[in-house]
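Understanding the architecture of this molecule
As a plain string of letters, each chain reads:
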Amino acid sequence: MTSTLVTGIAELTTCRSDVDDHVGPDRLGLLTDAAVVVEDGVITWVGAGREAPDCDAVVDVGGRAVVPGFVDSHSHLVFAGDRSAEFAARMTGAAYDGGGIATTVSATAAAGDDELRALLAKRLAELRSQGTTTIEVKGGYGLTVEAEARLLRLALEVTPETTFLGAHVVPPAYATDRAAYLDLVTGPMLDACAPLARWADVFCEPNSAHAFDGEESRAVLEACAAAGLLLRVHGNQLGPGPGAQLAVELGAASVDHCTFLSDDDVEALAGAAGTTSATLLPGVEFSTRMPWVDARRLLDAGLDVALASDCNPGTCNTTSMPFVIALAVREMGMTPAEALYAATAGGAKALRRDDIGRVEVGRAADLTVLDAPSYLHLAYRPGVPIARAFDL
Ligand code: NIG
Ligand code: FE
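Residues numbered from 1 in each chain as written. Chains lettered and ligands numbered in written order. Predicted model: local features only at pLDDT ≥ 70, side-chain atom pairs only at ≥ 80, totals over all residues. Heavy atoms only, no water.

Per an unreviewed UniProt entry, the chain goes by Imidazolonepropionase and derives from Nostocoides japonicum T1-X7. Checking UniProt for the chain, the heading Pathway (unreviewed entry) contains the comment "Amino-acid degradation; L-histidine degradation into L-glutamate; N-formimidoyl-L-glutamate from L-histidine: step 3/3." Taken directly from UniProt, the Sequence similarities (unreviewed entry) text for the chain runs: "Belongs to the metallo-dependent hydrolases superfamily. HutI family." (UniProt positions renumbered as here; feature names shortened; annotations may be inferred.)

The helix and strand tally for the chain stands at 14 helices and 15 strands. Relative to the compact-globule value of 21 Å for 392 residues, the chain shows a C-alpha radius of gyration of 21 Å, a close match. Taken along the three principal axes of its C-alpha coordinates, the chain extends 70 × 45 × 45 Å. In the chain, which comprises 392 residues, the proportion classed as buried is 56%. Contacts in the chain between residues far apart in sequence, at least 24 positions, make up 73% of those at least 6 positions apart. When the accessible surface of the chain is totalled, it reaches about 14,800 Å², and 52% of it is carbon and sulfur. Of the charged side chains in the chain, 28 are positive and 53 negative, and the gap between their average positions amounts to 4 Å. (Helix = DSSP H or I, 4+ residues; strand = E, 2+ residues; numbered from the N terminus. Rg over C-alpha atoms; globule rule 2.2 N^0.38 Å. Buried < 20%, exposed > 50% of the residue type's maximum accessible area, 1.4 Å probe, protein only. Contact = heavy atoms within 4.5 Å. Areas by Shrake-Rupley, 256 points an atom, 1.4 Å probe, with all protein chains shown as cover. Lys, Arg positive; Asp, Glu negative; His and termini not counted. Charge placed at Lys NZ, Arg CZ, Asp CG, Glu CD.)

This paragraph deals with the coordination of the iron ion (ligand 2). Working reference: metal with six octahedral donors, ideal angles 90 or 180 degrees; metal with four tetrahedral donors, ideal angle 109.5 degrees. Protein ligation of the iron ion (ligand 2) involves His74 (NE2), His76 (NE2), His234 (NE2) and Asp310 (OD), the donor distances falling in the range 2.0 to 2.3 Å. In the primary structure, the donors to the iron ion (ligand 2) are separated according to the pattern H-x1-H-x157-H-x75-D. Note on histidine 74: relative accessible area 0%, which makes it buried. (Donors = N, O, S within 2.8 Å, 3.2 Å for Na, K, Ca; no water.)

This model, assessed by the stated rule, comprises 3 aromatic pairs. Note on tyrosine 174 and tyrosine 181: the rings are 5.2 Å apart at their centroids and 55° apart in plane angle, and the pair reads as tilted. With relative accessibility at 27%, the residue tyrosine 174 sits in the partly exposed group. Ring plane angle 90° and centroid distance 5.1 Å describe the contact between phenylalanine 286 and phenylalanine 323, whose orientation is recorded as edge-to-face. With phenylalanine 286 in helix α9 (residues 282–288) and phenylalanine 323 in helix α11 (residues 321–332), the pair connects residues that are 37 residues apart, well separated along the chain. (Phe/Tyr/Trp six-rings, centres within 6.5 Å; stacked < 30°, edge-to-face > 60°.)

Shown next as structure tokens:
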């Protein structure tokens with residue numbers, strides 16, 4: 001077995017798991033002048049550079065900062081087509097209502113497997129070059145049995161974190177018979193997709209003509225859980241709704257968006273800390289001109305908070321977690337430390353993964369190096385490409 005010493009780390013963010021400090025400055029478990037030993041893709045030693053053991057190979061990062069690779073727990077990465085005109089219309093006042101998803105469904109249906117593979121590979125290269133080492137990928141732009149299974153097969157080629165999202169929107173052909181679409185999603189579509197997915201998700205939004213109300217969402221999620229899938233929910237994005245409390249009630253790993261949470265929702269999520277995270281997607285607020293989430297309110301109430309990109313062609317077409325971190329700090333009231341934690345250990349928790357998101361012995365050697373002396377530069381230097389995933 002070959003051992004590699006990564007040294008010259010001016011500041012190492014460990015997100016060490018033995019610090020039980022929900023929002024305080026110790027949360028990141030920072031080490032200065034640190035080193036890490038990696039063997040077979042696993043971290044086997046973490047400590048002060050001057051105490052590092054001898055290794056077969058040495059990589060000196062030259063006084064840069066190292067952080068855990070970003071864990072992007074929410075994306076819709078398999079799609080074709082472009083909705084930049086829809087974005088431009090929103091910037092002059094148009095509202096987002098999910099109706100544009102049909103455009104992406106058509107464009108995706110028209111693309112062959114190799115075209116989708118190439119698009120996916122380009123997006124993966126983009127996100128790795130910005131420090132992301134784990135990505136969750138949803139279907140949801142197929143909406144037929146064959147098309148949803150195809151998207152998940154392609155997603156599974158690049159990540160184990162695949163999510164069945166047949167209940168993304170009701171296809172226009174089913175607009176007058178929603179029950180028939182729900183039967184399809186919870187019947188043959190689920191049968192075809194369950195072997196290809198770890199997770200199931202639903203777009204729960206009671207006041208959208210396109211998405212699913214509380215009872216419809218419950219039916220989908222319960223059927224998916226019975227098929228062995230773990231649950232996550234798109235909830236409370238476009239307005240107040242039952243998504244967050246449904247996620248808590250059904251033991252989902254996360255409710256994502258959380259743009260409109262009532263005090264009762266916050267209380268329910270606080271009571272579910274450890275089981276159900278609140279995943280915030282500030283790039284969506286940015287690209288849809290929706291109100292910023294008050295992350296301070298959620299953190300102070302004791303919620304488990306994660307940050308993710310939601311990369312998709314409609315509400316947020318970015319692969320950049322540093323951009324997401326910068327927005328969360330500037331616009332959502334998170335400290336730089338809280339935002340980095342939410343983008344690493346927080347994302348891992350939202351994916352129920354204990355092998356990633358922290359730099360500790362026994363965990364995966366998913367490291368991201370910053371061309372900067374401190375993690376603070378992630379938010380301090382917005383738009384500057386300082387983060388990249390380390391190839392070890
Ligand atoms: O997370 N809200 C639902 N789904 C995506 C957007 C999908 C689209 O508009 O293409 C989201 O925002
Ligand atoms: Fe999404």
